[in-house]
Structures are given as structure tokens and as C-alpha cells.
Amino acid sequence: MRLSIRLFSSVVQKRPFYITTPIFYVNAAPHLGHLYTAVVADAIQRFEKLTNPDCNIIFSTGTDEHGTKIQQAAAQAKLPLQDYCNNISHEYKELFDEFEVGYTDFIRTTEERHKKAVRHFWRNLVQKDYIYKAKYAGWYSVNDEAFVPESHTRDEITKDGKVKVSTESGHKLEWTEETNYMFRLSEFKKHLQEWLKPDGVIQPSKFQKQLQEFLASDAYFPDISVSRPSTRVHWAVRVPDDEEQSIYVWLDALINYLTVCGYPDEEQLMARRAWPADVHVVGKDILKFHGIYWPAFLMAARWQPPRQLVCHSHWTVDGQKMSKSLGNVVAPRSVLAPAALRYVLLREATMADDANYSETKLLNIANSELADTLGNLASRACGAALNPRHELPPPHAHELRSVARHEPAACLLRALDRLPETCHQHFSNYQFYKGVDAVIHVLHLANLFFETMKPWELKKNPECQKELDVVLHITLETLRICSIILQPIIPGLSSKLLDKLQVPKELRYWQHCEKPSWRIKGAIFETKNIQSGKFVLFQRIYVDKKNVQKKKASV
């Protein structure tokens, strides 16, 4: 069995594999980008479980429920603040459950256990003299809930005249002067540079390079504000011993990763043994908070920084950035093919660069790959017309050698031999799109092999039964291996196909896909049953002129 490098330390120390998404801001309903972050993290943890079945996994996600924008959103919705937060947080839970995001912990910043953790962490920073009170003046973004250094601003001409905006987010800034608590970020520049020296701390490497270049520049690296006046931000955790100040929403939110570990309860921390986190999955818009501020906060508190950040780029819609003003924000549960959306998100995005979503692309990929390439092949190989006894027949040695002489068969067998290693490498590097592409390539070869061998013709001649058995065995074995590999990508569909093939749950780990049956030395073959009955893995999707979804069974 392989053991991925990033899991090695977890296994040696018998500690869990701890992976997180950011907690999602509840100022609006979840959209496509939020779902993408969650399914990336879920695919990573499912792959780790496949490669190391004995590993205990902690997978946390949740909702960030404090701050000015929450106050505004609740007021606009005409709801009490807690009720508003409850509603949006529940929407996230429902979304993640529907798209098979297998989190183990769902944390909310309005929970008492989290508020306790935030206050304890704050006091720790104060005791170590990393927090001090001072008058602060600077450009503030309400949308980002963050102060923006002068070097990260630009002037922009609008219909209202010249305004200041953030060069990172493009959001409007307002000049703000107030007395706040400050964190001594300036003391951690060299420490952060050391943390970012080893390759692979942040993946893809382009994002690590961005932070290294930022820290290497001669730009002023100022201390940062970590509180706001409670008269401006009342929906927040108050600064301990100072009711006039609220803890900065990002410091509050980042501490959720420790709350999940049991912090500050020493017994819980010892029991879970989860920190440092193995992987934080984040979007590129919050890289600075996780790659600069968060490790600095942790270093100040004498905690180790996370082992690795996996940073992804954004999704555009029909070539344009998602925004409320453009009316193109995609609600995942409202798309025409929600069952295929998870697959397309992981199939199309490259992490390093922005990906483009369109409903046309979603339907085309769903139909061509899930319904046709994978689903139709499974239906034909399992169907009563060619496989009336619903069996996985044995690969008779003589006929196997004979079939393998056909070029389509030889190409398929060679590709199938390489597939597990290829996908393992791609999945380990978080290049899920490359792994899926390799699987689809093999399935295309399997379809070509199936068409070339014409099993419907072999079925007509009783003397060709053993050759038909070999064709069915190779096809069903290809489907078994591909289904195991695709479990992190489409867990529900993979499970459905493995159930059809009657593959036991304990034989669905990565080690069980590394060799096709005919490569296992000393294997004794016997006929095995598969589930009987008509089988449709994924229904083809049809859309009429009125854009009304219709589904027909794949045949």
C-alpha cells in the first residue's frame, strides 16, 4: 500500500489527518464557489481514506457569522441576527449534504465553545505582548471586512467621482480613523519567510511564490488592527475586559480551526491530537489571511502553523466574474444537473487558474461522460441482452491471450495497467482534473474495445461463449477499477456501480485497484454474481426549447 508523504507524520504519530475548508460567510446564500471549495476538500479527504483505510480523519467546515455585513444582511432580511445566521448556516449544511461533502465537524462562530476559544486566544496574545492599543487610521473595505494598506489601493473613476478601491478585491474603500487594538505583525516577517521556504507549503506553487515575493519586497510590513469599536461592529465577540471593542472578524474566524481541535480545553486537545492541521483548503481571495495573518497569529501564540495550504482559483460564469450586480451568481441546487455538478467542478478546474462555468458545458460533460462513456458501457456489460445470467465470468486464459492480440484490447490493457499509478500521482498533487481525464481516456478505450469485439455477435454463437466471457470480464474489471479510483470525485455514482458489481465494501480501497484480476499471481477465478435487474447509472439529460429539464434512461 502506498503512503502519501503528507500523511506519513500523521500515521507515525497515530494522529488524525486534519483537513479544513474556510468557514463560509453567511452574508448571502451559498454559491458555486463555496461548493467548489468544499468538494475539493472532500475529494482530498476521501482520497486519503482510500489510500490509508486505518487513518482517522477530521474534516471541518462551517459558517462565519459575525461582522458588519451580517448586521446589514439580517437587517435587509428583516430578521433577528441569530435567526438570520441559523437560516443561512442551515442552507450550507443542506448543500454539503446534497453534494456528498463528508465533513466530520461543522463549526459556527456563534457557538459558545468557539467564543470561549476566541477569548482565550486573545488573552494569550495579550499576555505575550503581541497586542497593544493605538489610534489607527487607514483605508477600510466593508465588503472584505479588512483594512487595506495604502500600497494595495488604487484610484478609480466612477459615476460618483474618484474613489479608492482595493487592488486585490476591487471593492470600494473608505478612510477610517479609530482607536483599535493592534497585532505586532511586523515582528513576524522573517518567521513567515522561513515557514514559506520549503517547497509545497502552499499548493499550487504559484501561490506560494506570490506570498514569498510579497514578503521579499521592501514594502512596509505594518502591524494590523485586530479589533473594531463595538459601536460599529456590535455583532461580534467582545474584547475581553473591554466592552467598547469587538474582536476583528478575521481573527475570530481563523480560530475556528483550533476550536474544532478542542481548544482551549487541554483534555480535548490531547484526546484529538489534531493540530497542526494537515491541509487548509482556501480560495485565492483569502490567501493572505491564511498564508500571512493566520500563521503569524499562531506563531505569536506559540502554536505551529498549518502543514499545508491548498489554494484554488475562482469560477467565472460564461466568462464573467460572478456578482450580484450581473445577476450571474450560480446557486448549485438550482442547476439543471445537480447530480453532475460535483463531477464537473472537479473535472474542469485546474486550481492554479480560473475556470469557466456554463450550463451548456455542464450538460455536455454530464451526458457525454457520465451517461454515455461510463454509464452506457456499464448498462451494456451488465444488461440482460449480453449478460443474461448477471455474472462476472472468469477470464479464460487461452481466450484472454487471443483477445489481447487485438490492438484495441492491447491498448486498453496497457492503459489499465498504468491507470492507478497515474491517478495516484495526480490526486496526490491535487490535480483531480488530470486524474479524471486519465480515467475517461481508459473508458474511451474500453468502449472502443467493446465495439470492436462485438459481443452481441459473440452471443449468437455458443462456441464463442468463452471469448464473450473474456470481453465481459475485461469490461467489468475496467469498470471496477475506474469506480474505485473515481470515489473521491463522484462517491455516490461510484458506490452505485460498485454495488451493482457486488464489490464488498472492504475491497474498495486504493490497494484493490492497483492490479486488474488477470495480473494477480496465483489468482483462482470463478464465476461471480452481480446484481440483477436493469441498471441505469446516470440518466441522460434533455432540455427542450423552454429550458425545462427532461430525463430519459440511458440505454
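Scoring rules and cut-offs
- Residues numbered from 1 in each chain as written.
- Predicted model: local features only at pLDDT ≥ 70, side-chain atom pairs only at ≥ 80, totals over all residues.
- Heavy atoms only, no water.
- Helix = DSSP H or I, 4+ residues; strand = E, 2+ residues; numbered from the N terminus.
- Expected span 1.5 Å × (residues − 1).
- Buried < 20%, exposed > 50% of the residue type's maximum accessible area, 1.4 Å probe, protein only.
- Polar contact = N/O pair within 3.5 Å; in protein donor to acceptor, adjacent residues only side chain to side chain.
- Contact = heavy atoms within 4.5 Å.
- Core = buried A, V, L, I, M, F, W, Y, C linked by side-chain atoms within 4.5 Å.
- Phe/Tyr/Trp six-rings, centres within 6.5 Å; stacked < 30°, edge-to-face > 60°.
- Lys NZ or Arg CZ within 6 Å of the ring centre and 35° of its normal.
- Axes fitted to C-alpha atoms, helices over the stretch in contact; angles between N-to-C directions.
- Parallel < 35°, antiparallel > 145°, perpendicular 65-115°, else oblique.
- Left-handed = near helix turned anticlockwise from the far one by under 90°.
- Nonpolar A, V, L, I, M, F, W, Y, C, P; charged D, E, K, R; others polar.
- Pairing = 2+ DSSP bridges.
- pLDDT = per-residue confidence, 0-100.

Colleague: Where do I start with helix α2 (residues 32-51) in this structure?
Modeller: Side chains of residues three or four places apart in an α-helix project in the same direction, reflecting 3.6 residues per turn. Look at α2: 29 Å from first C-alpha to last across 20 residues, which is about the 28 Å you get at 1.5 Å a residue. Among the 20 residues in α2, 18 count as buried, and that is most of the element.

Colleague: For this particular structure, what's the right way to read the side chain of Thr259?
Modeller: The topology assignment puts Thr259 in helix α9 (residues 256-259). Taking the relative accessible area as the measure of exposure, Thr259 reaches 4% and is therefore buried. Here His114 takes part through its side chain, which lies 2.9 Å from a polar atom of the side chain of Thr259. Excluding its chain neighbours within four sequence positions, the residues that come into contact with Thr259 are Ile107, Arg113, His114 and Ala117.

Colleague: Is there a simple way to think about the nonpolar core in this case?
Modeller: Soluble globular proteins tend to pack their nonpolar side chains together in the buried interior. The biggest cluster of nonpolar side chains holds 179 residues, and the ones touching the most others in it are Phe183, Val226, Phe297 and Leu419. Looking at which element gives the most residues to this core, the answer is helix α16 (residues 432-453), with 12 residues. With near-sequence residues (within four places) excluded, Val226 lies in contact with Trp122, Ile131, Tyr181, Met182, Phe183, Ser246, Ile247, Tyr248, Leu251 and Phe297.

Colleague: Please clarify how the packing of aromatic side chains should be interpreted in this entry.
Modeller: The geometry of two aromatic rings is summed up by the distance between their centres and the angle between their planes. The full count for this structure, using the stated rule, is 24 aromatic pairs. Considering the side-chain rings of Phe24 and Tyr92, the 5.4 Å spacing of their centres and the 5° angle between planes classify their relative orientation as stacked. Of the two residues, Phe24 is situated in strand β2 (residues 24-25) and Tyr92 in helix α4 (residues 81-98); the sequence distance between them amounts to 68 residues. Neither residue differs from the other here; Phe24 and Tyr92 are each classed as buried. An aromatic cluster of at least three residues, connected via ring pairs, comprises Tyr18, Phe121, Tyr257, Tyr263, Trp275, Trp294 and Trp303. A cation sits over an aromatic face here: Arg228 above Tyr140, 4.0 Å from the ring centre.

Colleague: When you look at the packing of helix α7 (residues 205-216) against helix α11 (residues 287-300) in this model, what are you seeing that I'm missing?
Modeller: For any two helices packed against each other, the geometry is given by the interaxial angle and the distance between the axes. Where α7 meets α11, the axes come as close as 11 Å, and the angle between the chain directions of the two elements is 55°. Classified by the interaxial angle, the pair formed by α7 and α11 is oblique. Here α7 and α11 pass one another in a crossing that is right-handed. On the side of α7, the interface is formed by Phe207, Gln210, Leu211, Phe214 and Leu215, while α11 contributes Leu287, Gly291 and Ile292. When the residues that make up the contact of α7 with α11 are grouped by side-chain class, the tally is 6 nonpolar, 2 polar and no charged.

Colleague: What's the story with the sheet that holds strand β5 (residues 131-141) in this structure? I'm lost.
Modeller: Through backbone hydrogen bonds, the strands of a sheet pair up, either in parallel or in antiparallel fashion. Spatially, 4 strands are ordered β6-β5-β9-β11 in an open sheet, and the strand pairing comes out antiparallel. Of all strands in the sheet, those with a lone pairing partner are β6 (146-148) and β11 (224-225), marking the two edges. Here strand β9 (residues 174-183) pairs with β11 via 2 bridges, running antiparallel. What sits directly across from Met182, in β11, is Ser225. The strands touched by α11 within the sheet are β6, β9 and β11, with β9 carrying the most contacts at an inclination of about 30°.

Colleague: Looking at this structure, I do not really get the confidence of the model for the protein chain. What am I missing?
Modeller: Atom-level detail of predicted coordinates should not be read off regions where pLDDT is low. The predicted model of the protein chain averages 92 in pLDDT, with 95% of residues at 70 or higher. Every residue in residues 5-11 scores below 50 in pLDDT, and together they form 22 contacts with partners more than four places removed in sequence or on other chains. Counting interchain partners and residues more than four positions distant, the pLDDT-below-50 stretch residues 548-555 has 22 contacts.

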